[in-house]
Each structure stands twice: as structure tokens, then as C-alpha cells.
Protein chains: 2
Amino acid sequence: MNEIIYKPIGIIHTPYTDKNSTPIQGCFAPDSTGYIELFPEYAPGLQNIEEFSHLFLIYHFHQAGCAQLIAKPFLDKEKKGIFAIRYFTRPNPIGLSVVKLLRVNGNILDIGEVDMLDGTPLLDIKPYVSKFDIRDCVTQGWYSRATERAKYENQ
Amino acid sequence: MNEIIYKPIGIIHTPYTDKNSTPIQGCFAPDSTGYIELFPEYAPGLQNIEEFSHLFLIYHFHQAGCAQLIAKPFLDKEKKGIFAIRYFTRPNPIGLSVVKLLRVNGNILDIGEVDMLDGTPLLDIKPYVSKFDIRDCVTQGWYSRATERAKYENQ
């Protein structure tokens, strides 16, 4: 099938320049902050965005390296299929994060709960809408087991 | 900046062949079902996925047409910036949906709560993890106002 070509709409700036010291997820780094530099030609698309407290960012894992279909997640000891984990060595290295929108100033968006590397190319911004995005009763296999085990080991 | 090139990892099959009769979001179509045909070379990446009840699908809006930075969302009467709505005419026409995972059979995943067109090229699958993906206290500007207004008008 044909290739799909996207162009970055901006750059995500964060304090993290090294994969090993970047938060695993934004929820584990509530105080981390950074900013989006949206390329000025896209700034008209920001109208009304300041009304939202949280955003989805879709971005390119620019330092992902080669794809691996089986990989070890950060939060467990055993390898899993890449589509059952959030690790970055994906066939299409696309990242997805919920961030907190702190401030909009022209084409600059200050954000919190960031978990991406500095210089990450941004592909899309979507408003986080609880009705669309929250599912209350979810089963989450290995992740739940790993979390339970971690609680037990830390007692 | 350089172009980013992705390749579809599969195709999403749904009952919807026309944009106008496709659900706005999966949450509004709890009984809708479809399936993912993952290209066989990616099937090893599905290991452990059956442990999750919900997945994020990231896909290409293949019938989006030209990008518009200002557009009218389905659920309101006035136009907004494209990054404050979920409409498909985005600079990079990337779709994001939470779906229910019903069954895995080799490289075929039966899914529920689908809201995409039949034949949609799939770019990534990620497990839905409540700790990573749920934010409890969110502000959602125009969406909340439109929802409130709809309730009032329907009384």
C-alpha cells in the first residue's frame, strides 16, 4: 500500500534530552513543563483551544530507531507485542500523550505533564473530551498485574 | 522541515461507506462493530493484546480532502480552530479513536464502538491504560456549552 506523508506542524520543547531520563508517561511527571512551538502558518487553527484544560498530542518518535514487533515495556520485566505496549519502537513510530494546557500565547502553547523528548516533531493537536476519550470499565492485562506486583514489592 | 513517511499496518473494515452516516464518535455508537485486518507481517506485534478491553487506534483520514484551519465541528453551529475540534480536515489528517476489543483471531481483530469509514488505513494500535489516558478534572469549553444547550433544546 502507498506511503502516507505528513509534515510536522511544530516542535515540542521539553527539559528531556535523553531517552533514559524522560518520564515514562505524563501521569508520572505531574510537575514537568514544556512548550509547543506551532509553526506560525498553523496558528489560526488554535482558535478556541484555550477553552480546554487537556490536549492529546500526536507526534513522531524521532529517536525511536529500528522497529521491533516484540519489546520490553518500561513497567514490566517480560517482552510483549508492540501493539500491547506503549514503547516507541513501533512500525510507525507515532507517540500519543495527554498533556495539560497551561497557557496560549500566539503560536506558543505552554504545557504540563510532558513526557516527550526535546525537539519532538508534532503532527497533530486534539482537544481532550471526556465523553469521547474516557472509558470507565477497562481491562488492562499485564499492566494491572505489573502495577499490583510493584505495590506488593514496595510494601 | 522534512516529511515524515508512514506505511499502513492494516485496514479498518466497518459498516460505514459514507461520511455523513458514520458515527461522530464511538461513544455515540456503542453497538457498532467492525474489524481490523492487520497485515500478516505485523501479527507478531499482537502478542498480549487480548488482555486489553480497549485500544487506541491511530489512522489516516483517507477521505478528508483539503486541510482547513477553521472548520465547523459536528456538535456545534459555529466554526472553531481545527486543533480545538476533532473534525477530519486537519493539516495532517490523523484520526484517533478508542475502540472496544472483542476478539483476536490471528491477524484479525474484531472491534466495537467503531466510528471510522470502511477501508481506513491503520497506522498504529496502542493499549488503552486508564492511568495513562484518563484525566478526571477536565475543562472542555465549547463542547460542554454545546452539550448543555442540546439538553435544554431537547427538553
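Rules used throughout
Residues numbered from 1 in each chain as written. Chains lettered and ligands numbered in written order. Predicted model: local features only at pLDDT ≥ 70, side-chain atom pairs only at ≥ 80, totals over all residues. Helix = DSSP H or I, 4+ residues; strand = E, 2+ residues; numbered from the N terminus. Rg over C-alpha atoms; globule rule 2.2 N^0.38 Å. Buried ≥ 20, exposed ≤ 12 C-beta atoms within 10 Å, placed from the backbone. Pairing = 2+ DSSP bridges. Axes fitted to C-alpha atoms, helices over the stretch in contact; angles between N-to-C directions. Least-squares fit on C-alpha atoms with pLDDT ≥ 70 in both. Contact = placed C-beta atoms within 7 Å. Nonpolar A, V, L, I, M, F, W, Y, C, P; charged D, E, K, R; others polar.

Before going further, it helps to spend a moment on the overall build of chain A. Secondary structure summary: chain A contains two helices and nine strands in total. Listed by position from the N terminus, the elements making up chain A come as β-β-β-β-β-β-β-β-β-α-α. Its C-alpha atoms give chain A a radius of gyration of 17 Å, near enough to 15 Å, the size a compact globule of 155 residues would have. If you line up chain A on its principal axes, its C-alpha atoms span 50 × 40 × 30 Å. Burial analysis of chain A (155 residues in total) assigns 40% to the buried set.

All names here are of chain A. Pairing in this closed barrel of six strands is antiparallel, and the strands run S2-S3-S8-S7-S4-S9 around the ring. Strand-to-strand twist in this sheet, taken as the mean axis angle between neighbours without regard to direction, amounts to 45°. As defined by bridge partners, strand S4 (residues 54–60) adjoins strand S7 (residues 94–105) across seven bridges and the pair is classed as antiparallel. The residue bridging His-60 from the neighbouring strand is Ile-94, located in S7.

Attention now moves to the pairing of strand S4 (residues 54–60) of chain B. Residue and element names in this part refer to chain B. Taking burial as the measure, the seven residues of S4 include seven buried ones, the bulk of the element. The two faces of S4 match: His-54, Phe-56, Ile-58 and His-60 on one face and Leu-55, Leu-57 and Tyr-59 on the other face are all buried. Of the pairings in the sheet, the one linking S4 to strand S9 (residues 120–127) comprises five bridges and is antiparallel in character. Opposite Leu-55, over in S9, you have Pro-127 as the bridge partner.

Each copy of the sequence occupies a distinct position, and chain B is placed on chain A by a rotation of 180° and an axial shift of 0.0 Å, giving an RMSD of 0.0 Å. A rotation of that kind, with that shift, is consistent with a two-fold axis. Among all residues of chain B, the minimum C-alpha distance to the rotation axis is found for Ile-5 of chain B, at 2.3 Å. Most of the interface of chain B is mirrored in chain A, where 100% of its interface residues are also at the interface.

So, on to the interface of chain B and chain A. One widely used convention gives an interface's size as the accessible area the parts lose upon coming together. Contact with chain B, which involves 59 residues of that partner, is made by 59 residues of chain A. Every element with two or more residues in the side of chain B that touches chain A is listed here: strand S1 (4–6), S4, strand S6 (80–81), strand S7 (94–105), S9, helix H1 (130–133) and helix H2 (141–153) of chain B. When residues in the side of chain B that touches chain A are grouped by element, the largest group, six residues, is from S9 of chain B. For the side of chain B that touches chain A, the residue count by class is 35 nonpolar, 13 polar and eleven charged. Pairing geometry for strand S1 (residues 4–6) of chain A and S1 of chain B, over three bridges, is antiparallel. Its bridge partner lying in S1 of chain B, Tyr-6 of chain A is registered against Ile-4 of chain B.

Residues and elements named next belong to chain A. Counting through the fold element by element, Met-116 comes out in the loop between strand S8 (108–112) and strand S9 (120–127). Taking the C-beta count within 10 Å as the criterion, Met-116 has 25 such neighbours and is therefore assigned buried. Expressed as a C-alpha distance, the spacing of Met-116 and Thr-14, which sit 102 residues apart in the sequence, is 6.9 Å.

Attention shifts here to the sheet that holds strand S3 (residues 33–38) of chain B. The sheet built from six strands closes into a barrel, its strands ordered S2-S3-S8-S7-S4-S9 (chain B) with antiparallel pairing. Looking at each pair of strands side by side, their axes are set apart by 45° on average, direction ignored.

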